[in-house]
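Descriptive structure summary
Spelled out from the first residue to the last, the chains are:
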Amino acid sequence: MENIDNKNLNIAGKLSLAFINHPLTLIFGVFILILGYISLVFMPREENPQIKVSGGAVIVALPGATPSEIQKVIIEPLEKKIKEIKGVEHIYSFAKDSVGIVQAQYYIGEDKEESNLKLYDQVMRNMDLMPKGAMPPIIKTMDIDTDIPIATIAFYSMKKDGKDLISQTQLYKEVNKITRQINKIDNVALVDLKGEKKEQYNILIDPNKISAYNLSLAQVMKQVQSLSLKIPDIQGNTKDKSLVVFGIKEAIENTKDIENIIVSYNNNVAIYLKDIAKVQRSFDIQNNKEAFLYKKNEAGNYEEINQLTMSVSKLKGSNSVSINEKIFEYMDSQKENLIKKDIAFLITRDDGYTANEAVNSLVQNLLISIVIIAILLIFTLGFKEAMIVSLAVPMILSLTLFCGFLLNETINRITLFALLVSLGMLVDAAIIVIENIHRHRKENKDIDITIVSINATNEIGNATNIATLAIIMTFMPMFFVGGMMGQFMHPLPVFVSISLVMSLFIAYAFTPYLIKKIYKAKK
């Protein structure tokens, strides 16, 4: 008569002993599936893992200093001290007239807040190295992980008879109002505009005319700049203690004011700017950045349209699906208002949709895989035994997702890849347990199925643990991969390792319990 030797039970035997007769085992199994569903619903989804690259810039102004002086008295001392900070990988410097900029890039994976504090502390502790007359340093932190957009929307002007109904500057003004509202949405980190055209006065000088008047571009520029400067209000106290404020009206208000600027005199005759140039109120023509949208017209040809792209990025660890839903819900509410202003828009990127589709596709593929595994196992283990292994897969994935949720991981394409990679290995432990129970059952038909299941599970426990540990160890080096690739591939070793450990737990705890239920039912 075979009995259970409690003293010689390993982790596999102890788990099977604890769960095989426990009245709450079935409830616990259902609870695990519910946990997996909750994790799948509430776990943040994104298309790609969000890589965190942080840095900081120190800006120091020294009025009147040349770039060479800035390099010697500001850049070099700052570089020397910033290099002493642990966690700084690269330093980039710029020396300009009256200002020096030193940028520090931290190692990928360094804590952003801690590194920023170190940079601030190092600069403040070495203020005595700053030259006399230098302005207080400005320390600006940078966070590159918020620059990757999860949604982009292209805005463009409606057309009538082939012409835009509104100008590019008007388009920028209206879209800029929308950016402020979208920036208020929870977990939106940055809203940026590409291809914007800001309003400005453009002076188009005729080179032949300035040559005829014997003028130079420098003379014209000096005269224009003299009127474009802002003149501050003058305040003073009189003898009777009253305050007098002198206000000067802005010299430039429209194109006529610019056209009537006197550039020079020729034989006591004033030369106005309108005599040598054409002045227009338009967009910033010096901005060479443009964005185009290619759209099919009624003739079937692609039409090039000037557009303004708004890109939205999110905070790290937040759900791109829910954020994009709020963004596009707001855009739908503004659609009629924009049409009245002759503005149309088109969604050109939606990472929330692609991430959601990827997760839904994974669930479908997993279900198909489970069915395929079940069909293959029916011919080797039997129908009911194959159902046990097939049931183990969603339980393992449920626990894996729940652990990832607790570790603040997100569901992205690398997470899905990790689950698919480990799918074939998840059923190994359950199959080994079932086969060994079958073997013991055939050899000891008169022994109680409970005792057979526990002893059979205990027998293969150590060997299965070592085999699974060996597989996990092959993924361990990926935890030590540095740089951008290490952060991008980080979910792969995390989820593979968790899923393999959970496969052991499910195989040891639930497989003997379900086998017992099957044999009881057969009997």
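Residues numbered from 1 in each chain as written. Predicted model: local features only at pLDDT ≥ 70, side-chain atom pairs only at ≥ 80, totals over all residues. Heavy atoms only, no water.

Quick look at the overall build of the protein chain now. A tally of regular secondary structure across the protein chain gives 18 helices and 17 strands. Classification of the 523 residues of the protein chain by burial places 43% in the buried group. Within the protein chain, contacts between residues at least 6 apart in sequence are counted, and of these 76% link residues at least 24 apart. (Helix = DSSP H or I, 4+ residues; strand = E, 2+ residues; numbered from the N terminus. Buried < 20%, exposed > 50% of the residue type's maximum accessible area, 1.4 Å probe, protein only. Contact = heavy atoms within 4.5 Å.)

Along the chain, A95 falls in strand β2 (residues 88–96). In the structure, A95 is positioned 24 residues away from Q71 in sequence and 5.8 Å away in space, judged by C-alpha atoms.

This part is about the packing of helix α5 (residues 168–182) against helix α10 (residues 320–340). Where α5 meets α10, the axes come as close as 11 Å, and the angle between the chain directions of the two elements is 150°. With respect to α10, the axis of α5 lies roughly antiparallel. The element α5 and its partner α10 pack so that their crossing is right-handed. Residues I178, Q181 and I182 of α5 pack against I327, Y330, M331 and L338 of α10. Considered class by class, the residues forming the contact of α5 with α10 number six nonpolar, one polar and no charged. (Axes fitted to C-alpha atoms, helices over the stretch in contact; angles between N-to-C directions. Parallel < 35°, antiparallel > 145°, perpendicular 65-115°, else oblique. Left-handed = near helix turned anticlockwise from the far one by under 90°. Nonpolar A, V, L, I, M, F, W, Y, C, P; charged D, E, K, R; others polar.)

To continue, consider the pattern of salt bridges. Applying the stated rule across the entire model yields nine salt bridges. The partner of E174 in a salt bridge is K341, with the nearest N and O atoms 2.8 Å apart. With a gap of 167 residues between them, E174 in helix α5 and K341 in the loop between α10 and β17 (343–350) connect regions that are remote in the sequence. Beyond isolated ion pairs, a larger network of salt bridges with shared partners links E174, K177 and K341. (Salt bridge = Lys/Arg side-chain N within 4 Å of Asp/Glu carboxyl O.)

Further remarks concern the packing of helix α11 (residues 351–378) against helix α13 (residues 413–426). Taken N-terminus to C-terminus, the directions of α11 and α13 make an angle of 5°; their axes are 11 Å apart at the nearest point. With respect to α13, the element α11 is oriented roughly parallel. Touching A358, V359, L362, L366 and S369 of α11 are L416, L419, L420 and L423, all from α13. In the contact of α11 with α13, the residues fall into eight nonpolar, one polar and no charged.

Geometric descriptors of this kind do not, in isolation, establish any biological role.
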